[in-house]
Amino acid sequence: MVIDDSNTIRRSAEIFLVQAGCQVVLAEDGFDALAKIADHLPDVIFCDIMMPRLDGYQTCSLIKKNPRFKATPVIMLSSKDGLFDRARGRMVGSDQYLTKPFTKDSLLQTVADFAPPAAARS
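Residues numbered from 1 in each chain as written. Predicted model: local features only at pLDDT ≥ 70, side-chain atom pairs only at ≥ 80, totals over all residues. Heavy atoms only, no water.

1. Section: the pattern of salt bridges
- Across all of its chains, the model carries seven salt bridges by this definition.
- Here R11 makes a salt bridge to E14, at a shortest N to O gap of 2.8 Å. Here E14 and R11 lie together in helix α1 (residues 7–19), a separation of three residues that amounts to about one turn.
- By relative accessible area, R11 is classed as partly exposed at 38%.
- With a relative accessible area of 22%, E14 lands in the partly exposed category.
- With a shortest N-O distance of 2.9 Å, R53 and D29 are connected by a salt bridge. Here R53, found in the loop between β3 (45–48) and α3 (56–65), pairs with D29, found in the loop between β2 (26–27) and α2 (30–40); they are 24 residues apart in sequence, far enough to count as distant.
- A relative accessible area of 59% places R53 in the exposed class.
- For D29, a relative accessible area of 8% translates into the label buried.
- Counted as one network, the salt bridges with shared partners bring together D4, D48 and K100. (Salt bridge = Lys/Arg side-chain N within 4 Å of Asp/Glu carboxyl O. Helix = DSSP H or I, 4+ residues; strand = E, 2+ residues; numbered from the N terminus. Buried < 20%, exposed > 50% of the residue type's maximum accessible area, 1.4 Å probe, protein only.)

2. Brief notes about the packing of α1 against helix α5 (residues 104–114)
- Between α1 and α5, whose axes approach to 10 Å, the crossing angle comes to 60°. It follows from the interaxial angle that α1 and α5 lie oblique. For the crossing formed where α1 meets α5, the hand is right-handed. On the side of α1, the interface is formed by A13, F16, L17 and Q19, while α5 contributes K104, L107, L108 and V111.
- Looking at the contact of α1 with α5 residue by residue, the classes come out as six nonpolar, one polar and one charged. (Axes fitted to C-alpha atoms, helices over the stretch in contact; angles between N-to-C directions. Parallel < 35°, antiparallel > 145°, perpendicular 65-115°, else oblique. Left-handed = near helix turned anticlockwise from the far one by under 90°. Contact = heavy atoms within 4.5 Å. Nonpolar A, V, L, I, M, F, W, Y, C, P; charged D, E, K, R; others polar.)

3. Brief notes about α1
- End to end, α1 covers 18 Å across 13 residues, agreeing with the expected 18 Å (1.5 Å per residue, within 8%).
- Among the residues of α1, I9, R10, A13 and L17 are the ones counted as buried. Relative to the axis of α1, the buried residues are bounded by an arc of 100° and lie together on one face. Away from its buried face by more than 90 degrees, α1 exposes T8 and Q19.
- Next to the buried residues of α1 lie β1 (2–3), β2 and α5.
- Among the residues trailing α1, G21 stands out with phi positive, at a value near 90°. (Expected span 1.5 Å × (residues − 1). Arc of directions from axis to C-beta.)

Rendered as structure tokens:
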């Protein structure tokens with residue numbers, strides 16, 4: 001799942017992931033994502049930090065507080081690469097931090113690191 005309010009980022013991530021054989025669910029913001037997570041049960045969630053209504057930290061925290069999704073890896077996406085931002089991401093339960101603009105290789109490596117082997121092939 002890719003959660004980002006930027007259509008460009010969502011589409012770029014989708015193209016990279018689909019070319020690698022992944023199934024992708026897109027969400028425009030945290031509320032949209034929370035509505036879709038239970039239906040799609042993503043193996044990995046990429047979550048932008050700066051979004052309207054519900055930011056990435058709040059979204060990640062809500063995902064991780066749900067026992068059903070606590071083990072689902074959440075990777076924060078941000079154009080900010082500060083220590084504070086990374087620490088705050090860890091505090092709400094994120095598993096990794098990926099700086100935008102990300103590359104195809106960094107995105108796919110993150111999926112390989114966190115997705116179950118079957119998910120990387122399906």
